[in-house]
Amino acid sequence: MFRSRRSVSARQLWRQRCLVPSRGQGEGAPPSPEDLQNALRPAAHQLFKKLKDEQLWQLAEALESRGSWECGCVFLPWDSRSGKQPLPPHVLLCKLYRWPDLRHGAELKRLIQCESFWRKSGEGTSLCCNPYHFSRLAAPDSSSPLSIKARDLPRFFLGDTPIARSVQGGKISSIRGRQDTTLSRSTNRDGYWCKLAYWEHRTRVGRLYNVSEPSVNIFHDLPKGSGFCLGYLHSETRNETVRRTRKKIGQGLTLSREHDGIWVYNRSEHPIFVNSPTLAPVSGRGQSVYKVLPGYSIKVFDSEQGVSMSGYNYLGDGPCDPHSVRISFAKGWGSSYSRQFITSCPCWLEILLSPSRYSRDESISTRNHVM
C-alpha cells in the first residue's frame, strides 16, 4: 500500500510537468522539447524516490499553486563536487516544471523567501529544490532597450517651471502638485528602506506603503499571501482601461533588498516594464525601459552605482527622484509604444528608495542566491 501510494504520487508529479508541443522530426533534426523531457524521466523518478512523504506533498502543493502560496522548502542532499548526477535537483525540477529550455543553473536566481538563500557558502549538505523558489535571470541588453530621449520630453517639463525647480531641488512632486511623495529624511530614522506609491495614469491611488522587511509582495489578489494588495485600493476616477489592466496584475511581483542592490521578480502571467537610473547604459542619454517576462528577475537598482547617483538629473513626465524605480504592469512605454511616458500607463508602481539604506555597507549580507 505504501509503495503504491508513493508510485501514484510520483506519476502525478510527472504529469504536472510543463507540457511542450511536439513537432514532426525529420532525419537529422534536433530532438524535440518533449523528447528532451522524456530523457529526464529516469532522473526525475530517482529524485522523487528520495523525497519523504511530506516533501512530496509540499512539492505537489507548490506545483498546484504555481508559486502563489507560500510553500516551504523541499530539501534534498546535494554535493556539488560529487559529479554523479548530471543535473542538480533544482535545475532538473525547474526544467520539468517551469522552463523546458533551461540550459544551466547559472541562468537561475534563488529567491529571497527560500531558506537556502540565507545560507553561507558550504553551510549544510542539503539544497532546496522547490522550483518556485527560483526565477530566471533577466540580463539587460543595452542594445535593445525602449529608450526615451531628452528631445522627446514634453515642453512643460523643461525650463524654469515649478516642476523643474522641484526636480533641481531633489524633491518629488506629482504633476498636479497636490500629492507630495517625497521620501523625506524621516525615512532614515523610522527603519524603512523604501516606500511604495501606486499610480493609475497621473493619479496616485492610496497612501504610501512602507517597507522595512527584506522583501515584499505587491499583488492585486491572491488566494494566500501577504504584502501590498493593490486590489484593496479604490479610486473614483478609474476607467475601463485601468480596470482591465488591474486584472492582469494577478500575483504581481516581489521586491527584495539584497546584498548587491534591489531586485524585482515578476510573479504575474504578463510582462512588467522597468525603468531605473542604474539600469540605463553608462553612455546612454535619457531613460531606458526594460521588459521583464513572467518568471524572470532583474536587479532594478545597483548598490554601487546608487552611491554616485546624487548628480543624476532626470527630466520627464511624472514624479522625479534619482533614487526611484518605476514599474508598469502589463503595459510598456517609450518610443516603441503609443505611450511615450509612464503617466500614460494604466497601472504603475513607484519605488522610493532611502538613499542611506541601499548602500553596500548597510545592506543585508547574503550569499549563494544566484545558482
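In this text the structure is predicted, and so the values were computed from the model without any measurement. (Residues numbered from 1 in each chain as written. Predicted model: local features only at pLDDT ≥ 70, side-chain atom pairs only at ≥ 80, totals over all residues. Heavy atoms only, no water.)

Caption draft 1: Layout of the packing of aromatic side chains. The final tally for this structure, using the stated rule, is four aromatic pairs. Residues Trp 199 and Trp 348 carry aromatic rings whose centres are separated by 5.2 Å and whose planes lie at 10° to one another, so their mutual orientation is stacked. Residue Trp 199 is found in strand 6 (residues 194-200), and its partner Trp 348 is found in strand 16 (residues 348-353); the two are separated by 149 residues along the sequence. Summarising the burial analysis for this pair, Trp 199 and Trp 348 share the class buried. Judged by centre distance (5.7 Å) and plane angle (80°), the rings of Phe 273 and Tyr 337 are edge-to-face. Taken together, the residues Phe 273 in strand 12 (residues 272-275) and Tyr 337 in the loop between strand 15 (324-329) and strand 16 connect sequence positions 64 residues apart. The buried category is assigned to Phe 273, whose relative accessible area is 2%. The exposure class assigned to Tyr 337 is partly exposed, which follows from its relative accessible area of 28%. (Phe/Tyr/Trp six-rings, centres within 6.5 Å; stacked < 30°, edge-to-face > 60°. Helix = DSSP H or I, 4+ residues; strand = E, 2+ residues; numbered from the N terminus. Buried < 20%, exposed > 50% of the residue type's maximum accessible area, 1.4 Å probe, protein only.)

Caption draft 2: Spatial organisation of the pairing of strand 7 (residues 203-211). Across six bridges, the pairing between strand 6 and strand 7 is antiparallel. Looking at strand 7, one finds that Lys 195 is bridged to Asn 210. Linking strand 6 to strand 7, which pair antiparallel, is a turn of two residues; within it His 201 sits at a positive phi near 55°. (Pairing = 2+ DSSP bridges.)

Caption draft 3: Structural view of the environment of Ala 330. Inspection of the secondary structure puts Ala 330 in the loop between strand 15 and strand 16. Along the sequence, Ala 330 and Arg 246 sit 84 residues apart, while their C-alpha atoms lie 9.0 Å from each other.

Caption draft 4: Up close: the confidence of the model for the protein chain. Per-residue confidence for the protein chain gives a mean pLDDT of 74, with 64% of residues at or over 70. Long-range and interchain partners of residues 142-188, a stretch whose pLDDT sits below 50, account for 88 contacts in this model, where long-range means more than four residues apart. Within the model, pLDDT remains below 50 along residues 360-370, and this stretch shows 37 contacts once partners closer than five positions in the same chain are excluded. (pLDDT = per-residue confidence, 0-100. Contact = heavy atoms within 4.5 Å.)

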